[in-house]
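What follows is each chain in one-letter form.
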Amino acid sequence: MELRGWHYRYVGPAELRALVRPEGGGRRIRSAAELEDWAANPAAAELSEPVTFVVDGAGVLRLAPRRSEHVVCAGGGTVLSAGEITFGRESGRWVVRAVSNQSTGYCPDAGSWPEVAEALDAAGIGHPSGFTHEVVFRRCPACAQLNVVRDEHFVCVFCDASLPSTWNVDPSAG
């Protein structure tokens, strides 16, 4: 199934969605200069550690300090991808050292990588050819619990039912 361009809705706890405030979303990064400016802010945290990111519905990278909620970073909206990202410098240029789709609030499929790459390319930030750590999310069709699939073991950890091979966390996504 091709997921490119899917808009992922927030599927996490309601109490975390309640933290969203108008104009409180993550910092939009549309250029290396904007990343430089954001990184200079002490609130951005140490960039040697992963930070929270989303690619918003407009395809723009948004960043927030580590341990920020993805739904807050996204301003409560849908995203094209979400996860954690680590930046570094190479030859005086910003690059991505590590990036994952680890977001239990949005549970994006690994197929959302092209949206991340496009947002990074648009900002002039170097990056790998894909997620450096892919997380596989599935919702159990039997008990409706969210699962993280490990080692390609597609069995629900809550009820032992088989999990689908294709992404199904939010059937209305698209």
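Residues numbered from 1 in each chain as written. Predicted model: local features only at pLDDT ≥ 70, side-chain atom pairs only at ≥ 80, totals over all residues. Heavy atoms only, no water.

A. The overall build of the protein, seen in detail. What the protein contains, in helices and strands, is four helices and seven strands. Listing each helix as α and each strand as β along the protein from the N terminus yields α-β-α-β-β-α-β-β-α-β-β. Its C-alpha atoms give the protein a radius of gyration of 16 Å, near enough to 16 Å, the size a compact globule of 174 residues would have. Over its C-alpha atoms, taken along the principal directions, the protein stretches across nearly 50 × 35 × 25 Å. When each of the 174 residues of the protein is scored for burial, the buried share is 42%. Sequence separation of 24 or more characterises 59% of the internal contacts of the protein that already satisfy a separation of 6 or more. Per element, the accessible surface of the protein, about 8600 Å² overall, is 49% carbon and sulfur. Both charge centroids of the protein, one from 16 positive and one from 21 negative side chains, sit 4 Å from each other. (Helix = DSSP H or I, 4+ residues; strand = E, 2+ residues; numbered from the N terminus. Rg over C-alpha atoms; globule rule 2.2 N^0.38 Å. Buried < 20%, exposed > 50% of the residue type's maximum accessible area, 1.4 Å probe, protein only. Contact = heavy atoms within 4.5 Å. Areas by Shrake-Rupley, 256 points an atom, 1.4 Å probe, with all protein chains shown as cover. Lys, Arg positive; Asp, Glu negative; His and termini not counted. Charge placed at Lys NZ, Arg CZ, Asp CG, Glu CD.)

B. Structural view of the packing of aromatic side chains. Tallied over the full model, the rule gives five aromatic pairs. Considering the side-chain rings of Y8 and W167, the 5.1 Å spacing of their centres and the 85 degrees angle between planes classify their relative orientation as edge-to-face. Taken together, the positions of Y8 in the segment before α1 (14-17) and W167 in the segment after β7 (146-149) put the pair 159 residues apart, joining distant regions of the chain. On the accessibility criterion, Y8 (1% relative accessible area) is buried. Owing to a relative accessible area of 6%, W167 belongs among the buried residues under this scheme. (Phe/Tyr/Trp six-rings, centres within 6.5 Å; stacked < 30°, edge-to-face > 60°.)

C. Spotlight on helix α4 (residues 113-123). Buried residues of α4: W113, E115, V116, A117, A119, L120 and A123, and no others. Contacts made by the buried residues of α4 are with β1 (27-29), α2 (32-40), β2 (51-56), β3 (61-64), β4 (79-90) and β5 (93-100). One or two steps after α4, the chain reaches G124, where phi turns positive at roughly 75 degrees.

D. Here's a closer look at unusual backbone geometry. In this model, R67 sits at a positive phi of 75 degrees, which is unusual for a non-glycine residue. Tracing the sequence through the fold places R67 in the loop between β3 and α3 (70-73). With relative accessibility at 68%, the residue R67 sits in the exposed group. Phi angles above zero are rare outside glycine, and C107 is one such case at about 55 degrees. Looking at where C107 falls in the secondary structure, it is placed in the loop between β5 and α4. According to the relative accessible area criterion, C107 is buried, its value standing at 0%.

E. Expanded view of the nonpolar core. Core analysis: the largest hydrophobic core is formed by 23 residues, its most contacted members being F53, L63, I85, F87, L120 and I125. At the level of elements, α2, β2, β3, β4, β5 and α4 are the ones that each hand at least two residues to this core. Looking at which element gives the most residues to this core, the answer is α4, with six residues. (Core = buried A, V, L, I, M, F, W, Y, C linked by side-chain atoms within 4.5 Å.)

F. Just the state of the cysteines, in detail. The full count for this structure, using the stated rule, is zero disulfides. Here C73 stays free of any disulfide, with the sulfur of C107 as its closest cysteine sulfur at 16 Å. Lacking any disulfide linkage, C140 is separated from the closest cysteine sulfur, that of C159, by 3.6 Å. (Disulfide = S-S within 2.5 Å.)

G. Region of the structure containing the side chain of N147. If you trace the backbone, N147 turns up in strand β7. From its side chain, N147 meets the backbone oxygen of Q145 in a polar contact 3.1 Å long. (Polar contact = N/O pair within 3.5 Å; in protein donor to acceptor, adjacent residues only side chain to side chain.)

H. Expanded view of the pattern of salt bridges. Inspection of the entire model under this criterion finds nine salt bridges. For D56, the salt bridge is made with R28, and the minimal N-O distance between the two is 3.9 Å. Within this pair, whereas D56 is found in strand β2, its partner R28 is found in strand β1, the two being separated by 28 residues in sequence. Overall, the relative accessible area of 37% leaves R28 in the partly exposed class. (Salt bridge = Lys/Arg side-chain N within 4 Å of Asp/Glu carboxyl O.)

Any functional reading would require information beyond the geometric quantities listed.
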